[in-house]
Amino acid sequence: MSVGGGGGETPWNPYGAGQAPDGRRRLTFGGLFNPIAVARAVFTPSRPDRVHDPAVKRAQVLRTVLGLVAVTWMLLSYDLAADADAVVDDRFGQIRTTLIVLAVTFPVAVAAFVLAARPPHRRLFLRRAGKPIGALLALTVALAVPRLITGLGYVDEETDWTASTGRVALLFALGAFLLWLAPFVLYGIAQSLVHVFRTADLHETLPPLLAMLLVWEVALFDLFRDAYDGVPLGVRMAFLLGGPLSVTVVAMWELRRLRVRHGITLRGALRR
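Residues numbered from 1 in each chain as written. Predicted model: local features only at pLDDT ≥ 70, side-chain atom pairs only at ≥ 80, totals over all residues. Heavy atoms only, no water.

Draft legend 1. Broad picture of empty space enclosed by the protein. What the rule picks out here adds up to 1 cavity of 30 Å³ or more. In this structure, the largest cavity encloses a volume near 250 Å³. If you trace the largest cavity, you find 15 residues lining it, with R50, V51, V56, Q60 and E254 closest to the centre. Of all the elements in the fold, those that place two or more residues in the lining of the largest cavity are α2 (54-77), α6 (165-195) and α8 (233-262). Per-element accounting of the lining of the largest cavity gives the leading share, 3 residues, to α2. Considered class by class, the residues forming the lining of the largest cavity number 7 nonpolar, 3 polar and 5 charged. (1 Å grid on protein atoms, 1.4 Å probe; cavity = no way out; pocket = protein on both sides within 12 Å on 5 of 7 lines; lining within 4 Å. Points joined across faces, edges and corners; volume = space filled by probe spheres on them. Helix = DSSP H or I, 4+ residues; strand = E, 2+ residues; numbered from the N terminus. Nonpolar A, V, L, I, M, F, W, Y, C, P; charged D, E, K, R; others polar.)

Set out below in structure tokens:
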């Protein structure tokens, strides 16, 4: 019996059993030199029998684009950002906050989900938790690597890289690695936010549920730190609530679609 559906039926997979929903091939040795290919393998769900619904993916992308455009417009319209660089810095600051909140929320929510399930689903979900946890750890390590490199005692602004052949080789190696790491991190961040650290590998209902929880946590955080100070109250409330409400609507629509189109429910997953 499949754990995906509420009625015990195998979830619909238009690409066939054993094949990734987006048609990805297994990562080869040559693919390790492609940071996007590696990030795709690390941060996107890959459980063969999971439901892949193109309509849900399009809604998620649309919501993300609309949110980015709306926040950028507000920052420029109300002089909250002096230039394009400030807008980019603000967006990355918000992404960093989102990732921190998610890093704290994620293990707690996943643990609660696993504990709430009845055997034998509890053991199955516990085994499936490895890939989502691995994705979270991979992004955390990748974000920390540049700081660790610059924090080494012999790598600083006064380092004489031409002092020896070994240091020249080390300089080129570090440069090549950082050039590889940059697209890996950027693509990993995007995929982590869209797929909520590939929690669909646990169960299809987890990404929309965690997305709702995360976006309301971030909204509360922005509220208490006066994130949009200087913006008229009505506009400020619209932006504080607009994001969470839009994400909630999309997530509820996704949950309903999973239930109606594919017979997948949270109650069925937990065997409640």
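Draft legend 2. Representation of helix α1 (residues 35-43). Residues of α1 that are buried include every one of P35, A37, V38, A39 and F43, and no others. If you check the start of α1, you find a side-chain oxygen 3.1 Å away from the backbone N of I36, and it comes from N34. (Buried < 20%, exposed > 50% of the residue type's maximum accessible area, 1.4 Å probe, protein only. Polar contact = N/O pair within 3.5 Å; in protein donor to acceptor, adjacent residues only side chain to side chain.)

Draft legend 3. Seen up close, the pattern of salt bridges. Counting across every chain of the model gives 4 salt bridges. D49 is the partner of R47 in a salt bridge, and the nearest nitrogen-oxygen pair spans 2.8 Å. R47 gets classed as buried once you look at its relative accessible area, which sits at 8%. Residue class for D49 comes out partly exposed when judged on its relative accessible area of 26%. Two residues, D201 and R198, come together in a salt bridge whose shortest N-O distance is 2.8 Å. As far as the burial class goes, D201 and R198 line up, both buried. (Salt bridge = Lys/Arg side-chain N within 4 Å of Asp/Glu carboxyl O.)

Draft legend 4. Representation of helix α7 (residues 206-224) in the model. Here α7 spans 27 Å end to end across 19 residues, near enough to the 27 Å set by a 1.5 Å rise per residue. Of all the positions in α7, only L206, P207, P208, L210, A211, M212, L214, V215, V218, A219 and D222 are classed as buried. (Expected span 1.5 Å × (residues − 1).)

Draft legend 5. Broad picture of the side chain of T105. Here T105 is to be found in helix α3 (residues 84-116). Given the relative accessible area of 10%, T105 is considered buried. Engagement of the side chain of T105 in a polar contact is seen with the side chain of E217, the distance being 2.6 Å.

Draft legend 6. Main features of the nonpolar core. In terms of nonpolar packing, the biggest core is built from 32 residues, with F113 and F184 touching the most fellow members. Elements represented by at least two residues in this core include exactly α1, α3, α5 (130-150), α6, α7 and α9 (266-270). A total of 6 residues in this core trace back to one element, the largest contributor, which is α5. Among residues more than four places away in sequence, those in contact with F184 are P35, V38, A39, V42, F43 and A142. (Core = buried A, V, L, I, M, F, W, Y, C linked by side-chain atoms within 4.5 Å. Contact = heavy atoms within 4.5 Å.)

Draft legend 7. Geometry of the environment of T205. The residue T205 is located in the loop between α6 and α7 in this model. If near-sequence neighbours (up to four positions away) are discounted, T205 is found in contact with L255, L258, I264, T265 and L266. A polar side-chain atom of T205 sits 2.9 Å from a polar atom in the side chain of H203.

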